[in-house]
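Read off the chains here:
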There are 4 protein chains.
Amino acid sequence: MPLPSPLTGVVPPVCTPLTPDREVDVPSLRRLVDHLAAAGVDGLFVLGSTSEAAYLTDRQRRLVTETVVSHAAGRLPVLAGVIDMTTPRVLDHVTAVTAAGADAVVVTAPFYTRTHPAEIARHFRLVAGRSPVPVIAYDIPVAVHTKLPAGLVLELAADGVLAGLKDSSGDLAAFREVVTGSRGLSGFSALTGAELTVDAALALGADGAVPGLANVDPDGYVRLDRLCRAGDWERARAEQERLCGLFRMTGAGDPARMGGSSAALGAFKAALHLRGVIDCPATAEPQVPLSQEETECVAKYLAAAGLT
Amino acid sequence: MPLPSPLTGVVPPVCTPLTPDREVDVPSLRRLVDHLAAAGVDGLFVLGSTSEAAYLTDRQRRLVTETVVSHAAGRLPVLAGVIDMTTPRVLDHVTAVTAAGADAVVVTAPFYTRTHPAEIARHFRLVAGRSPVPVIAYDIPVAVHTKLPAGLVLELAADGVLAGLKDSSGDLAAFREVVTGSRGLSGFSALTGAELTVDAALALGADGAVPGLANVDPDGYVRLDRLCRAGDWERARAEQERLCGLFRMTGAGDPARMGGSSAALGAFKAALHLRGVIDCPATAEPQVPLSQEETECVAKYLAAAGLT
Amino acid sequence: MPLPSPLTGVVPPVCTPLTPDREVDVPSLRRLVDHLAAAGVDGLFVLGSTSEAAYLTDRQRRLVTETVVSHAAGRLPVLAGVIDMTTPRVLDHVTAVTAAGADAVVVTAPFYTRTHPAEIARHFRLVAGRSPVPVIAYDIPVAVHTKLPAGLVLELAADGVLAGLKDSSGDLAAFREVVTGSRGLSGFSALTGAELTVDAALALGADGAVPGLANVDPDGYVRLDRLCRAGDWERARAEQERLCGLFRMTGAGDPARMGGSSAALGAFKAALHLRGVIDCPATAEPQVPLSQEETECVAKYLAAAGLT
Amino acid sequence: MPLPSPLTGVVPPVCTPLTPDREVDVPSLRRLVDHLAAAGVDGLFVLGSTSEAAYLTDRQRRLVTETVVSHAAGRLPVLAGVIDMTTPRVLDHVTAVTAAGADAVVVTAPFYTRTHPAEIARHFRLVAGRSPVPVIAYDIPVAVHTKLPAGLVLELAADGVLAGLKDSSGDLAAFREVVTGSRGLSGFSALTGAELTVDAALALGADGAVPGLANVDPDGYVRLDRLCRAGDWERARAEQERLCGLFRMTGAGDPARMGGSSAALGAFKAALHLRGVIDCPATAEPQVPLSQEETECVAKYLAAAGLT
């Protein structure tokens, strides 16, 4: 299906359920898609950071995209991450995910290499020139160690290179510059990836949100989105605060024992497992799994947020 | 051929010559191998950062490894980088390069994700457990944004997980800790990737060097290595200083216009082209090419170092 | 006068006007205080980053505090920064500014040294234990290179060590954690220093704002604060966007020629000079002054925002 | 006394002994000076990072400088750090330490503010223009968060602005560029602050070293310096390795409980106390003191290095 122009609303970055031996758990993935679709989300984003794309082999990435595209079956647009270091490698992923039916690709700045803004611009232009589907920029400095300058995003948007931005930088002021600067550009989608300030992003004019936590509580984010659209800011804030409380589950994993990815993705998957959506909470190697006690802590956050 | 234990001497990270349309230039690559072998280097390292591994597709990586392995034809051991974000993806590269005949794999810490030292250790243990050839750790914080702690390297070395370290951190004090700490571990190779302080690294006990600049002047590095082994520190220093002067070619590219990778790799390839070793100085996308004027500046550095 | 508990509203970080030979320009500083007071601001913050505290000698700091305290004359509370590297040096500044009449002190985490969260906590506890006036934490990672963890701020707030937080981290999600977590703590002030998202900060419950740009347009920020308090979010957003447009003046200075402090403080002072509030736009050494052309660019932003 | 031109040999950054209530312990400081002078060091550097300058009040800084200058009594040149954020504040320290008799000042790049290389250059030029004694640049990125570019140091050296460089960056390749680039500049001193690679620095042509660990074992560093000057690289390496083993005392403090400054300075002072040089091992606030057990660990490193 063609990507809505602009894409709005809640577009969860879909977790990738794994079996105990770290294969893609296709039945669980289908159930997760149903879980999200039933809540009324507006699109699905596969192979993002929350999907553990960095940990999936090319074969697994293909399987994930095919599974989600075929199971979504046109009900929802499917965006696919093409996360890799540089242009030639990203282009291979573009070929793979569009062959598998993705409706848009989500592209980060180059990483591993030492990059210059001129090279970042060149990267997006080359990828867009070769992609059969729209390109959405993925600003995630914590992963790629450069921040996409707002001016660059707007320049590429004005030139038709970018159809949107997923902003996971946490820098709301810079995101605002893109939101206000792109107002005249019909079809450009400014999406926030910051799950704790979705109300703020929508209030300043964002088109939608791509919150990792929406795997666990898609109904909450759909509700939040609707309250914001209705201008009911007081209840929106209350809903957002409930979700912020739920997000604290990502602090269950002991930082002395594991990294931030292990703790956040481990908690999301533990919660999906506890909620009965997926069969196994395993995360990909070399992430450290949550302990029994840490998983019980996740359960408490679910209960406190009314998800039991 | 089995990896020498320990591997010593000069092991250049082999540049990947490209055609004007960015395909691997196999004839030029073979000539580059001959150029290095003729100088008397002790091994070849393909698919490292200097090889533009981050820019090569999987197909190109395979072609490079096969070409170099078959052309080296047992004359020299071939180490292959398996640069990717996490364990499962790295393991796919291990399968590919060992199928193509690599004698060892060179593995970085995970990147893109937010990692913990415990996860880095787990990563190396898992890769080593599945690799049919020895594993050499690649410490390159400028690319992966974490530094391999010396204590961790020594622990993994003592456990037989690591057969060596290529240190591109620029932190000579930490490297020294590995060198002195691994003295009792027979077969462990401590290799420096810092081309400007090879004399210092060898003086404190390093086994060898993996200098990117050795593509341009392999004779110089082989000479330097021999002077150091002979304890002729005065002439070693003079040779190293000549190579430092040559290295300034990496400053020819205007930093206002390009990133550090473009400038360094662009200069090495321009020099190889000017020396008649490779047919085309092109670097992979999205790197910015050197201008005509910048290439002339590279030529001047070659001339100043006596390479014309 | 005692610090309001909680302090709310607009508390500009007061610029420090300088003479052409870099002495504190007392008459201009008094006019600036009047300019801010006339707009209806709720407090004054001297010796913050916007005040060029990092550039002022101890003698100049004393003169600034005395001038503003005596000219405010009890009309407005005066907060004073005590920016220095560690506890003993900060305590000397606490003595100086409270002798000069400051109603509260604003304290950063230690810098220059390599600090641990336990040491940061110890620092605030020691300073608060010796300060005769309330202590407000100043979270400014861009300057001190550590972020105050929300949990630490809340722990110190609960223990009565901190009377408030000025958040200049740009991390709205972490700020929100402090805002919601401190709701039960009567008297604690959560203030945002992020001038481009004041509406968002107030919407999620912040008590007030400390916007550097309020030097140039205090009326705008007072208006914005009132619209937010009235729940008129649509007009608040429009006012905030006008101020975001005005803030672009900080991009007038050429980043190839000067650092971020020079550009931002140079623009604010150029604007104050153009508006007739201060006599001279000089910034302290070693900052690079704006050129004539760059100053004209600032004038255009003033005109575009209706300030002429 | 005039600063030797160039200054060569071992110039310890002198620790600042404190009493249990954190006052400068003048008798201990005098004993420390004697301890260093007796070992044959070539100069004394007060108010550096190892001296806890960041923690000393202006009054304490003055007392330290006066004490060391008067006790050195012309036997040794005394360099003094003037560590502060920007030019005007640094100039006040220049006035203070030269009034107290310092023979040279040691100046970092500006910090706390966001600086540009042009501003760093301006800073050094302004300070040198007003200093009655020679200016030595202090490159310490871990503290000030910018690296002094080698080209800038050489430009300022050629212009007579800088009389030397103390390099605490750990970047031996960049330091080498300064060493070789300044060879023609008579009187310029290139000093390394990296205590674990003094042999390497001297081998490539450095004039001397400023090792914090020389407080604990000045005889070792003097011996090392003489072996290097004599070209006895083998014995120099052995001596350096013994000192590297001793330096491990800085790892005695638990990193889960304290920062790097606390651990390093705490260990140096514990060792000086254990060796009977100073009366009390206290470090300045808010540093965390070593535990009894950690202090015993320091004692073991002293014993292992033959210092009992």
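What counts and what doesn't
- For every chain, the first residue of the written sequence is number 1, and numbering continues from 1 along that sequence.
- The naming scheme follows written order: chains are lettered A onward, ligands numbered 1 onward.
- Per-residue local features of the predicted model are confined to residues with pLDDT of at least 70, and side-chain atom pairs are confined, for both listing and counting, to 80 or more; whole-chain, interface and lining totals are unaffected and use all residues.
- Computation of side-chain values: all heavy atoms of the structure, hydrogens and water removed.
- Any carboxyl oxygen of Asp or Glu within 4 Å of a side-chain nitrogen of Lys or Arg constitutes a salt bridge here.
- In DSSP terms, a helix is any run of H or I states spanning at least four residues, a strand is any run of E spanning at least two, and both are numbered starting from the N terminus.
- Partly exposed describes any residue whose relative accessible area lies between the buried limit of under 20% and the exposed limit of over 50%, with all areas from a 1.4 Å probe on protein chains only and scaled to the type maximum.
- What sets the superposition is a least-squares fit of C-alpha atoms, and only residues with pLDDT of at least 70 in both copies go into it.
- Contacts were defined at the residue level, with two residues in contact if any of their heavy atoms lie within 4.5 Å.
- Here's the idea: put two parts together, see how much 1.4 Å probe accessible area each one loses, and the total over both is what we call buried area.
- Counted as a polar contact is a pair of N or O atoms within 3.5 Å, where, for protein atoms, one must be capable of donating a hydrogen and the other of accepting one, and residues adjacent in sequence contribute only when both atoms are in side chains.
- Any residue outside Ala, Val, Leu, Ile, Met, Phe, Trp, Tyr, Cys, Pro, Asp, Glu, Lys and Arg is labelled polar, Gly included; the first ten of those are nonpolar and the last four are charged.
- UniProt positions are given in the numbering used here, feature names are shortened, and annotations may be inferred rather than shown by experiment.
- The predictor reports its confidence for every residue as pLDDT, a score running from 0 up to 100.
- Every axis corresponds to a line fitted to the C-alpha atoms, with the helix fit spanning only the stretch in contact, and the corresponding angles, defined between N-to-C directions, vary from 0 to 180 degrees.
- Orientation is classified from the angle alone, with under 35 degrees giving roughly parallel, over 145 giving roughly antiparallel, 65 to 115 giving roughly perpendicular, and any other angle giving oblique.
- For a crossing to be left-handed, the near helix must be turned anticlockwise from the far one by less than a right angle; the clockwise case is right-handed.
- Strands pair, by our definition, only if DSSP identifies at least two bridges between them.

## Quick look at the pattern of salt bridges
And then number 1: Under the defined criterion, the tally for this structure stands at 88 salt bridges over all chains.
And then number 2: Close ionic contact of D:Asp199 with B:Arg176 constitutes a salt bridge, the shortest N to O distance being 2.7 Å. Of this pair, D:Asp199 sits in helix α8 (residues 198-203) while B:Arg176 sits in helix α7 (residues 172-181), each in a different chain.
And then number 3: The buried category is assigned to B:Arg176, whose relative accessible area is 1%.
And then number 4: Linked through salt bridges whose partners overlap, the residues forming this network are A:Asp58, A:Asp84, A:Arg89, B:Asp58, B:Asp84 and B:Arg89.

## Side note on the relation of the copies chain A and chain C
And then number 1: Placing chain A over chain C gives an RMSD of 0.0 Å and needs a rotation angle of 180 degrees, together with 0.0 Å of translation along the axis. Overall, the copies show the geometry of a two-fold rotation axis. If distances are taken from each C-alpha of chain A to the rotation axis, the shortest is found for A:Ala200, at 2.8 Å.
And then number 2: Both copies present the same face, since 100% of the interface residues in chain A are matched by interface residues at the equivalent positions in chain C.

## Comments concerning the interface of chain A and chain C
And then number 1: With 21 residues of chain A at the interface, the matching set in chain C holds 21 residues.
And then number 2: Taking both partners together, chain A and chain C bury about 1,500 Å²; carbon and sulfur atoms supply 50% of that area.
And then number 3: Among the residues chain A hides against chain C, the three largest losses belong to A:Arg176, A:Arg237 and A:Glu241. Together they make up 34% of the total.
And then number 4: Here C:Arg248 and A:Glu177 are joined by a salt bridge, their closest N and O atoms 3.8 Å apart.
And then number 5: Applying the counting criterion to the chain A and chain C interface returns ten residue pairs in polar contact (both at pLDDT 80 or more).
And then number 6: When contributions to the side of chain A that touches chain C are tallied by element, the ones reaching two or more residues are α7 (172-181), α8 (198-203) and α10 (233-247) of chain A.
And then number 7: Along the lines of polarity and charge, the residues of the side of chain A that touches chain C split into eight nonpolar, five polar and eight charged.

## Quick notes on the UniProt feature "active site" (unreviewed entry) in chain A
All names here are of chain A.
And then number 1: What UniProt calls "active site" (unreviewed entry) maps, in this numbering, to Tyr138 and Lys166. Of the residues just listed, which span 29 residues, no C-alpha pair is farther apart than 4.9 Å, and they cluster in one region.
And then number 2: Residue position: Tyr138 is located in strand β5 (residues 135-139).
And then number 3: Judged by its relative accessible area of 3%, Tyr138 falls in the buried class.
And then number 4: Side-chain polar atoms of Tyr138 contact the side chain of Ser49, separated by 2.8 Å.
And then number 5: Relative to the helices and strands, Lys166 resides in strand β6 (residues 164-167).
And then number 6: According to the relative accessible area criterion, Lys166 is buried, its value standing at 5%.
And then number 7: Dropping the residues within four chain positions of it, Lys166 is found in contact with Phe45, Ile136, Ala137, Tyr138, Asp139, Leu191, Gly193 and Val210.

## A closer look at unusual backbone geometry
And then number 1: The omega torsion of the bond from A:Glu285 to A:Pro286 falls at 5 degrees, within 30 degrees of zero and hence cis.
And then number 2: Note that A:Pro286 resides in the loop between α11 (260-274) and α12 (292-304).
And then number 3: Positive phi outside glycine occurs at A:Leu47, with the angle close to 65 degrees.
And then number 4: Tracing the chain through its elements places A:Leu47 in the loop between β2 (44-46) and α2 (58-72).
And then number 5: With phi around 75 degrees, C:Tyr112 is a residue other than glycine that occupies positive phi space.
And then number 6: With respect to the secondary-structure elements, C:Tyr112 resides in the loop between β4 (104-108) and α4 (117-130).

## Comments concerning the confidence of the model for chain A
And then number 1: Residues with a pLDDT of 70 or more make up 100% of chain A, whose mean pLDDT is 97.
And then number 2: Here the prediction assigns the complex a pTM of 0.97, and the interface score ipTM is 0.98.

## Structural notes on the interface of chain A and chain B
And then number 1: Contact with chain A, which involves 51 residues of that partner, is made by 51 residues of chain B.
And then number 2: Summed over both partners, the interface of chain A with chain B comes to about 3,900 Å²; 57% of that surface belongs to carbon and sulfur atoms.
And then number 3: Linking chain A to chain B there are six salt bridges.
And then number 4: As a salt-bridge pair, B:Asp84 and A:Arg89 come within 3.4 Å of each other at their nearest N and O atoms.
And then number 5: The interface formed by chain A and chain B holds 20 residue pairs in polar contact (both at pLDDT 80 or more) in total.
And then number 6: Only α2, α3 (87-99), α4 (117-130), α5 (141-144) and α11 of chain A provide two or more residues apiece to the side of chain A that touches chain B.

## Some points on the relation of the copies chain A and chain B
And then number 1: For these two chains of identical sequence, chain A goes onto chain B by a turn of 180 degrees and a shift of 0.0 Å along the axis, with RMSD 0.0 Å.
And then number 2: When the interface residues of chain A are mapped onto chain B, 100% of them again lie at the interface, so the same face is used by both copies.

## Describing the packing of helix α9 (residues 218-229) of chain C against helix α10 (residues 233-247) of chain C
Residue and element names in this part refer to chain C.
And then number 1: Direction vectors running N to C along α9 and α10 enclose 160 degrees, while the axes themselves pass 8 Å from each other. Between α9 and α10, the angle is such that the two are roughly antiparallel. Our pair here, α9 against α10, has a crossing hand that is left-handed. Counted together, Gly220, Tyr221, Arg223, Leu224, Leu227 and Cys228 of α9 and Trp233, Arg235, Ala236, Glu239, Gln240, Arg242 and Leu243 of α10 form the full contact between these two elements.

## A closer look at the sheet that holds strand β7 (residues 189-192) of chain D
All names here are of chain D.
And then number 1: The strand order across the open sheet built from eight strands is β1-β8-β7-β6-β5-β4-β3-β2, with neighbouring strands paired in parallel fashion. Single-partner strands in this sheet number two, and they are β1 (9-10) and β2 (44-46).
And then number 2: Direction of pairing for β1 relative to strand β8 (residues 208-209): parallel, over a ladder of two bridges. In the strand pairing of β8, Val10 is matched with Ala209.
And then number 3: Strands β3 (78-81) and β4 (104-108) of the sheet are contacted by helix α3 (residues 87-99), whose axis makes an angle of about 160 degrees with β4.

## As for the arrangement of the chains
And then number 1: Nowhere do chain B and chain C come into contact; their C-alpha atoms are at least 9 Å apart.
And then number 2: A gap remains between chain A and chain D, which never touch, and the nearest two C-alpha atoms on either side lie 9 Å apart.

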